[in-house]
Amino acid sequence: MQDSGAKCKAQRNTKQQSLIWDVFSSMHNHPTADMVFAAVAARDESIGRATVYRALHRFVEKGRAICVPVYDGADRYDETLLPHSHAKCTKCGGVSDVFIRGTLPEIEDDCGFTVQGGAVLYYGCCAACRESK
Ligand SMILES: [Zn+2]
Ligand SMILES: [Zn+2]
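From a predicted model like this one, the values you see are computed outputs, not experimental measurements. (Residues numbered from 1 in each chain as written. Chains lettered and ligands numbered in written order. Predicted model: local features only at pLDDT ≥ 70, side-chain atom pairs only at ≥ 80, totals over all residues. Heavy atoms only, no water.)

## Observations concerning the overall build of the protein
Item 1. Helix and strand counts for the protein stand at 4 helices and 5 strands.
Item 2. Each helix and strand of the protein, placed in order from N terminus to C terminus, yields the pattern α-α-α-β-β-β-β-β-α.
Item 3. Computed over its C-alpha atoms, the radius of gyration of the protein comes to 19 Å, more than 25% above the 14 Å expected for a compact globule of 133 residues.
Item 4. Structurally, the protein occupies a C-alpha span of about 65 × 45 × 20 Å along its principal axes.
Item 5. Buried positions account for 28% of the 133 residues belonging to the protein.
Item 6. Pairs at least 24 apart in sequence give 46% of the contacts found in the protein among residues at least 6 apart.
Item 7. Carbon together with sulfur atoms contributes 53% to the accessible area of the protein, which is approximately 9400 Å² in total.
Item 8. Taken together, the 16 basic and 16 acidic charged side chains of the protein have centroids lying 10 Å from each other. (Helix = DSSP H or I, 4+ residues; strand = E, 2+ residues; numbered from the N terminus. Rg over C-alpha atoms; globule rule 2.2 N^0.38 Å. Buried < 20%, exposed > 50% of the residue type's maximum accessible area, 1.4 Å probe, protein only. Contact = heavy atoms within 4.5 Å. Areas by Shrake-Rupley, 256 points an atom, 1.4 Å probe, with all protein chains shown as cover. Lys, Arg positive; Asp, Glu negative; His and termini not counted. Charge placed at Lys NZ, Arg CZ, Asp CG, Glu CD.)

Written as C-alpha cells, this is what we have:
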C-alpha cells in the first residue's frame, strides 16, 4: 500500500515537473519564478508556488535552464542556453537577450585572470516602450 502511494506521488511529481517545464519553456520572456507560477496556476491550480520554485531550481541544476540575476528585482529564468547577455528595460522591466559579437574582453591590469565566459546585464529602453512614448 505504502509503495503504491509513493509511486503515485512520484508520478504526480513527474507530471507536475513536465507541465511546469512546458509552461516555462513556452514563455520566452525571461520570467521570474512568480510569473511562471501564475502561468502554471492558470493550467493547474493544484500546483503550489513552492513546487514551481523547486522545479525551476532543478531545471537550472540539470543545465536545462539558466538563472539570470537582476540587480533590482527577482531572478529571471531563461531556457536559452547559448552564452548571451541580457538587456533590461527600465520602463516596463522586460528582459531581452543580447548576443554580443566579437571576442571576450581582455582584462587590462595584469592580475593573471583568464576570461572564459560571462554575461552582462545592460539596461535601457525597449523598442515597444520607445514607440509608446
Ligand atoms: Zn520596455
Ligand atoms: Zn536570455
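## Re the pattern of salt bridges
Item 1. Per the stated rule, a full pass over the model turns up 2 salt bridges.
Item 2. With its nearest N and O atoms 2.4 Å apart, the salt bridge here joins Arg 49 to Asp 34. Here the residue Arg 49 occupies a position in helix 3 (residues 49-61), and Asp 34 occupies one in helix 2 (residues 33-43), the gap between them amounting to 15 residues.
Item 3. By relative accessible area, which is 40% here, Arg 49 ends up partly exposed.
Item 4. Two residues, Asp 72 and Lys 88, come together in a salt bridge whose shortest N-O distance is 3.0 Å. Placement of the pair is Asp 72 in the loop between strand 1 (66-68) and strand 2 (76-78) and Lys 88 in strand 3 (residues 85-89), with a sequence separation of 16 residues.
Item 5. Asp 72 sits in the partly exposed class, given a relative accessible area of 46%. (Salt bridge = Lys/Arg side-chain N within 4 Å of Asp/Glu carboxyl O.)

## As for the pairing of strand 4 (residues 95-98)
Item 1. Of the strand pairs in this sheet, strand 3 and strand 4 are connected by 4 bridges, and their pairing is antiparallel. Its bridge partner lying in strand 4, Ala 87 is registered against Ser 96. (Pairing = 2+ DSSP bridges.)

## Thoughts on the sheet that holds strand 5 (residues 121-124)
Item 1. The strand order across the open sheet built from 3 strands is 4-3-5, with neighbouring strands paired in mixed fashion. Both edges of this open sheet fall to strand 4 and strand 5, since each of them pairs with a single strand only. With strand direction ignored, the average angle separating the axes of adjacent strands in the sheet is 30 degrees. (Axes fitted to C-alpha atoms, helices over the stretch in contact; angles between N-to-C directions.)

## A few points about the coordination of the zinc ion (ligand 1)
Item 1. Within the protein, the zinc ion (ligand 1) binds to Cys 89 (SG), Cys 92 (SG), Cys 126 (SG) and Cys 129 (SG); these donor distances fall in the range 2.2 to 2.3 Å.
Item 2. Around the zinc ion (ligand 1), the 4 donor atoms sit at angles spanning 106 to 116 degrees, and that spread fits a shape best called tetrahedral.
Item 3. Here the donor residues of the zinc ion (ligand 1) share one chain and are spaced in sequence as C-x2-C-x33-C-x2-C.
Item 4. Cys 89 gets classed as buried once you look at its relative accessible area, which sits at 2%. (Donors = N, O, S within 2.8 Å, 3.2 Å for Na, K, Ca; no water. Tetrahedral: all angles 85-135°; square planar, octahedral: opposite > 155°, others 65-115°.)

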